[in-house]
Structure formats: structure tokens, C-alpha cells
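# Overview (structure and organization)
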Amino acid sequence: MPLRLMLLFVLLTPLAGVVQMELGNYGPSTGLVGDRNGASWAFLAYALLVLLAAWAVAGNALMLERGDAAGLRRRLDPATARRVARWVLAFNLGFMLLTLYLFGGFDVLTGDVGKGEFRTTLGGLGAFAYLTLKWFAPSLFALACTTHLLAGRPSENRRRLFAGAAVTFVTGLAWGFKTSGLFIILPGMFVLLWSASPLRTMGYFLLALGLMVASFALFDTLEGTVYGSVFEFLLARFTVFQGEVSWYLWDLWVSGTPMPDYAVTLLAAIGDRLFSLLSGITRADSEQWILAHYGSLLTYTIGHPIEGIEGGHSVTGTPFSEGLIAGGLAGALLFGVLAGVIFGFVFRRLRSALRRGRPVAVALWSNYSVWFLFAWLNSGEIVQLFHISVFFGAAFCWGMLHAVLWLAKPQGRLRRAARATTLTPSTP
């Protein structure tokens, strides 16, 4: 259920934002008051193509079928699930302490350091810190949730799972974003709620919304904005902020404004160092560097200055926006088909891993669906789906998850062997 709702979320919220812009709302990122230009119909066509392509790849499994619950047969014993949860709690407690005290996340929580400053001061620890946030901690928690599910949801394991969720949540929260604490536990929640009813899923959604409001109060302020309440701001953040860039780029396209070269941004998939080595473009070449990286290119295209982009300012687009830059209307529709195909593929892989009882594969695909697939469907930049760091993180995490299973399982086998030796009479 959550993965299906994720797809609807990334389609309906920006569509609502595009509609609002056509009705004359103000777009904070573009600095413009919207008007009618036909963007809503174009985005609706894109959204329908995403859904059709996803259904074509995933088949009827994409529908809200109750057969998912029946397909998740018990494959692990509760003792194994408890041991996995215990090891995951230990590992993620270590990652939490590293994030708080080595990376400096504790100062973010206390308000002594801003989230932007926190990211820029990671230095040589940056790569490991990002791997912890986007791979290690969330995948480990997803592994604990998967083994819990495959063991029949043993009630005696819930306290360990809750403790693991709390520790993992703090690790994400220490980055200072409204959603980082939620995103880091979402891979695990996707697993636990895989066959949950819409009502139960909505209950967790309301809880997540409450956590976002609390995170906003902790890290952000409405000062300098046109919004009178946190809920008003979040509503705009989920709609207008998500749709205004698509509306603006569509306006540029229908007016015949030339788009920047998109193809060069795909080279960023090999990593910045190798990209600079092969292309000769470095961060010192500010404009060329910005035009070679899609996120910066998008922000530059809608009119933001280079100085602001270098300072970390960015805007949110969608694959629809990315397609417009890549090839106009044909590009936007093509990216719609591509988005649906990729979503359907990931959905099938995750569902198959669950039904076949493969906890490591479930944890990795669930994590990928949140931190990379959702990120692309929500904001564009297809490079993040196959960036070299994704393969490195997945490979390292694959080894870590298997190590946790190895640590958890042999103990049970040794105990069973010891009991069998004790109960079996010795032969003369």
C-alpha cells in the first residue's frame, strides 16, 4: 500500500500545484503569479502515462489486492527476528552516536548549527555521513522490519523494533530537515505496511504529518514568508512548490524559449571527480559546472543567480520538468513512460523479494524506492537513479546486511545442535 500511495503522491500533489498556478497563485520559487497556459492538461497527460506504464510493467499486482497478505507466508522463526532486531539496534545506535557527536548532528538538534552549515562542514566525513543517512541506517532498519514480518510479526519483538525505529529516526532528524527523520524509517515502514488497509496507512500518514510539523517548529520558521501557519506552509510545500517549476517551464516551452543542453547532465552519473577529469570542467568554472548538473541547471533555468546556487539554493522540479528541458512536450511524455516503467520494475522486484522471503533484497529495494526512486519522481534528476555512488552504497550495504543475518542465525543453529546432542543417547 505505501509504495502505491507514494506514486499517487508524486503525481497528484504537483498536479494540484500546477492547477493552482494556472488559477493565479503566487510561486515562491519562480517569484511569479501564475496564469492559464495549458500546463495542467500537459501534466495530466504525463501523470496518466506514468500510471499506464506502471500498470503495464507491474500488472494487476499494482492494484490494491488483498492477496499480498496471503503471499507473505511465515519463513523465519521468531527467535531469528529477535536476534536480527537486536543487532540492528546495536548497529544503528552506533550510527546515531556517530551522527550526533562525530558528524556534529547534536549541534543541529540544539540549534547551535544550521542544517546548511552542518552539510558544508562535514568535510572528509561527508561521503560516510551520506552513506549512513541514505543506505546504512535505513536499510538496517528495513532488514529488522522484514525479518519481523517474515517471522509472523511476533509480539515479543515489537519493543526492539520500536527502539530501532526511534534510534534510526534520531539519526535522520539530526540532519535538520523536516523529512529526513521520516525518510530514514520509511523503507522499514514500507515493508511493515505492505499489505495494510488504506485506513491504517492513513493513520500513519497523519502521524508522519504531525512529526513534520514538530520538525518544522524545531528547525524552521515562518519569518519572511507569506504563510500564516505551519499547516498553510506545508500545504503550499506539497502543492505549489511542487508544481510551479513545471508550470513555468511549460510556459517557457510554449513561448518558444530555447532550453539548455540536457544531455551533458547525464555525465554526472560517473561522479564529480571523474567527470572533472574527463571533461575538464571543475567547480571553479561556476557557470559550466552548474549547466552540467541537472539540479543546479534547473535552478539556473528558472532565473536564480549563480551566487545563490553556489550558496546551496535549489528548486523542486519533477520528471515532467526534466522531460521538458530534455525534449519539450515529447520529452515530458517520454519521461512519463520512463517513470512508470521504472516504478513498475522496482515494485515488482520488491514484491517478488517479499513473497520469496529474501530479507536482504527486500531491505535494499525498499531503501532504493524511498531514497532514490521517490526522490527522482518527486524532484527530477534521473542521474540519481544510477549514479556511481548508488552502486557503491548498495554493494557495501549488501555486505553489511548479510553480516547481520550471519551474526543472528548461527547462534540459533548452535543452540539447536547443542540440544540435539544432549537429547540423543550416545552409542556404545
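Each chain carries its own residue numbering, running from 1 in the written order of its sequence. Where totals are concerned, whole chains, interfaces and linings use all residues; where local detail is concerned, this predicted model gives features only for residues with pLDDT of at least 70, and gives and counts side-chain atom pairs only at 80 or more. Hydrogens are left out, water is left out, and the side-chain values use all remaining heavy atoms of the structure.

It is worth spelling out the packing of helix α4 (residues 78–102) against helix α8 (residues 158–173) at this point. Think of each axis as a best-fit line through the C-alpha atoms, taken over the contacting stretch in the case of a helix, with angles from 0 to 180 degrees between the N-to-C directions. Secondary structure elements follow DSSP: runs of H or I of four or more residues count as helices, runs of E of two or more count as strands, with numbering from the N terminus. For the pair α4 and α8, the least separation of the axes is 9 Å and the interaxial angle reads 20 degrees. Comparing the axis directions of α4 and α8 gives the class roughly parallel. The interaxial crossing formed by α4 with α8 has left-handed handedness. Every residue of α8 that contacts α4 at Arg82, Ala85, Arg86, Leu89, Asn92, Leu93, Phe95, Met96, Thr99 and Leu100 is listed here: Arg160, Ala163, Gly164, Val167, Thr168, Val170 and Thr171. Here roughly perpendicular refers to angles of 65 to 115 degrees, roughly parallel to angles under 35, roughly antiparallel to angles over 145, and oblique to all remaining angles. When the near helix sits turned anticlockwise from the far one by under a right angle, the crossing is termed left-handed; a clockwise turn instead gives a right-handed crossing. Contact definition: two residues touch when any of their heavy atoms are within 4.5 Å.

We now examine the pattern of salt bridges. We define a salt bridge as a side-chain nitrogen of Lys or Arg found within 4 Å of a carboxyl oxygen belonging to Asp or Glu. Taken as a whole, this structure holds two salt bridges when the rule is applied. With its nearest N and O atoms 2.9 Å apart, the salt bridge here joins glutamate 156 to arginine 82. Here glutamate 156, found in the loop between α7 (126–150) and α8, pairs with arginine 82, found in helix α4; they are 74 residues apart in sequence, far enough to count as distant. Exposure is judged per residue with a 1.4 Å probe applied to protein chains only, and the accessible area is read against the type maximum: over 50% gives exposed, under 20% gives buried, and values in between give partly exposed. Assessed through its relative accessible area of 38%, glutamate 156 is described here as partly exposed. The partly exposed category is assigned to arginine 82, whose relative accessible area is 24%.

One can find threonine 239 in the loop between α12 (230–238) and α13 (240–254). Beyond its immediate sequence surroundings of up to four residues, threonine 239 is in contact with Thr13, Pro14, Ala16, Gly17 and Gln20.

A word on the side chain of asparagine 37. Here asparagine 37 shows up in the loop between β2 (32–33) and α2 (39–58). Pairs of N or O atoms within 3.5 Å make up the polar contacts considered here, provided that, within protein, one atom can donate a hydrogen while the other can accept it, and that residues adjacent in sequence are counted only when both atoms are side-chain atoms. Here tryptophan 247 takes part through its backbone oxygen, which lies 3.4 Å from a polar atom of the side chain of asparagine 37. Here aspartate 251 takes part through its side chain, which lies 3.1 Å from a polar atom of the side chain of asparagine 37. Those residues within four positions of asparagine 37 in sequence are excluded, and the remaining contacts are Glu22, Trp247, Trp250 and Asp251.

The nonpolar side chains of a soluble globular protein tend to be buried, and buried together. What is meant by a nonpolar core is a set of buried Ala, Val, Leu, Ile, Met, Phe, Trp, Tyr and Cys residues, joined one to another through side-chain atoms within 4.5 Å. Among the nonpolar cores identified, the biggest contains 105 residues, and Phe343, Trp376 and Leu377 are the most heavily contacted of them. With near-sequence residues (within four places) excluded, phenylalanine 343 lies in contact with Leu3, Met6, Leu7, Ala54, Leu62, Leu373 and Leu377. Ranked by size, the runner-up nonpolar core spans seven residues in total, among them Phe216, Tyr227, Leu234 and Ala236.

Let us now look at helix α1 (residues 2–22). Every helix has an expected span of 1.5 Å times one less than the residues it contains. Taking 1.5 Å per residue, 21 residues should reach 30 Å; α1 reaches 30 Å between its end C-alpha atoms and fits that length. Following α1 by one or two positions, glycine 24 adopts a phi angle in the positive range, close to 105 degrees.

What follows is about the packing of α2 against helix α18 (residues 319–355). The description of two packed helices rests on the angle between their axes and on the distance between the axes. Between α2 and α18, whose axes approach to 7 Å, the crossing angle comes to 30 degrees. Looking at the two axes, α2 sits roughly parallel to α18. For the pair α2 and α18, the sense of crossing is right-handed. Partitioned by chemical class, the residues of the contact of α2 with α18 number 21 nonpolar, three polar and one charged. When residues are grouped by polarity, Ala, Val, Leu, Ile, Met, Phe, Trp, Tyr, Cys and Pro land in nonpolar, Asp, Glu, Lys and Arg in charged, and all others, Gly among them, in polar.

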